[in-house]
Amino acid sequence: MYSIGAVAKKTGISSYTLRYYDKAGLTPFVKRDKQGRRVFNDADLDSLALIRCLKQTGMPLEDIRQFISWCAAGDETIDQRLAMFEEQREAVEAQIHQSLLNLQKVNHKIDVYRRASQAGSEAAVDCDVLPLKQTDELLHEVADYEASHPLPE
């Protein structure tokens, strides 16, 4: 069992945010001790990690609250949860696509300015129009990047 302070340290989610989540109805699964203080278990930490993930993908708190409610309702809501996650995946893929396009533009500018730096003048560099890439090509670049930059374990 973990106190709110221990959970804040363990997850990086501030005590203030944890209290806000509770008041917003996102953590009805968190129990309280005899003194009324929140006490968290390992399953609660997993749920908080999922809430954080969904929030970071841009899911509105109301939708997260609905998801939590469906989880509490049990197996009869599996189809709704599946549909929600399929929709969220589409939203995340759209965000990734836009981020890849932004990365492509940034990389193009880096290339332009490197060439300008070597030439000693921006005027000496052909700042050609950014070639647009297809999503599959951009995703391949991401896969290459992920292979060369593995996440720490």
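Residues numbered from 1 in each chain as written. Predicted model: local features only at pLDDT ≥ 70, side-chain atom pairs only at ≥ 80, totals over all residues. Heavy atoms only, no water.

(A) Molecular detail of the overall build of the chain. Within the chain one finds 6 helices and 2 strands. Element order for the chain, N to C, with α for helix and β for strand: α-α-β-β-α-α-α-α. The C-alpha radius of gyration of the chain comes to 22 Å, more than 25% above the 15 Å expected for a compact globule of 153 residues. For the C-alpha atoms alone, the extent of the chain along its principal axes is close to 75 × 35 × 25 Å. Burial analysis of the chain (153 residues in total) assigns 26% to the buried set. Within the chain, contacts between residues at least 6 apart in sequence are counted, and of these 50% link residues at least 24 apart. For the chain, the accessible surface area stands at approximately 10700 Å², while carbon and sulfur atoms represent 54% of it. Mean positive and mean negative side-chain charge positions of the chain (19 and 24 charges, respectively) differ by 13 Å. (Helix = DSSP H or I, 4+ residues; strand = E, 2+ residues; numbered from the N terminus. Rg over C-alpha atoms; globule rule 2.2 N^0.38 Å. Buried < 20%, exposed > 50% of the residue type's maximum accessible area, 1.4 Å probe, protein only. Contact = heavy atoms within 4.5 Å. Areas by Shrake-Rupley, 256 points an atom, 1.4 Å probe, with all protein chains shown as cover. Lys, Arg positive; Asp, Glu negative; His and termini not counted. Charge placed at Lys NZ, Arg CZ, Asp CG, Glu CD.)

(B) Region of interest: the side chain of Thr11. Note that Thr11 resides in helix 1 (residues 4-11). In terms of polar contacts, Thr11 uses its side chain to reach the backbone carbonyl oxygen of Val7, at 2.7 Å. At a separation of 3.1 Å, a polar atom in the side chain of Thr11 contacts the main-chain amide nitrogen of Ile13. With residues up to four places along the chain from it excluded, the contact list for Thr11 reads Leu45 and Arg52. (Polar contact = N/O pair within 3.5 Å; in protein donor to acceptor, adjacent residues only side chain to side chain.)

(C) A look at the domain arrangement of the chain. We note that the domain assignment places domain 1 (1-60) and domain 2 (75-146) within the chain. Computed from C-alpha coordinates alone, the two centres of domain 1 and domain 2 are separated by 33 Å. Taken over both partners, the interface formed by domain 1 and domain 2 buries close to 410 Å², and the fraction arising from carbon and sulfur atoms is 69%. Per-residue buried area on domain 1 facing domain 2 is highest for Leu54, Thr57 and Met59; these three make up 87% of the total on that side. Within the side of domain 1 that touches domain 2, the residues separate by chemical class into 3 nonpolar, 2 polar and no charged. (Domains from an automatic or database assignment. Buried area = accessible area lost by both parts, 1.4 Å probe. Nonpolar A, V, L, I, M, F, W, Y, C, P; charged D, E, K, R; others polar.)

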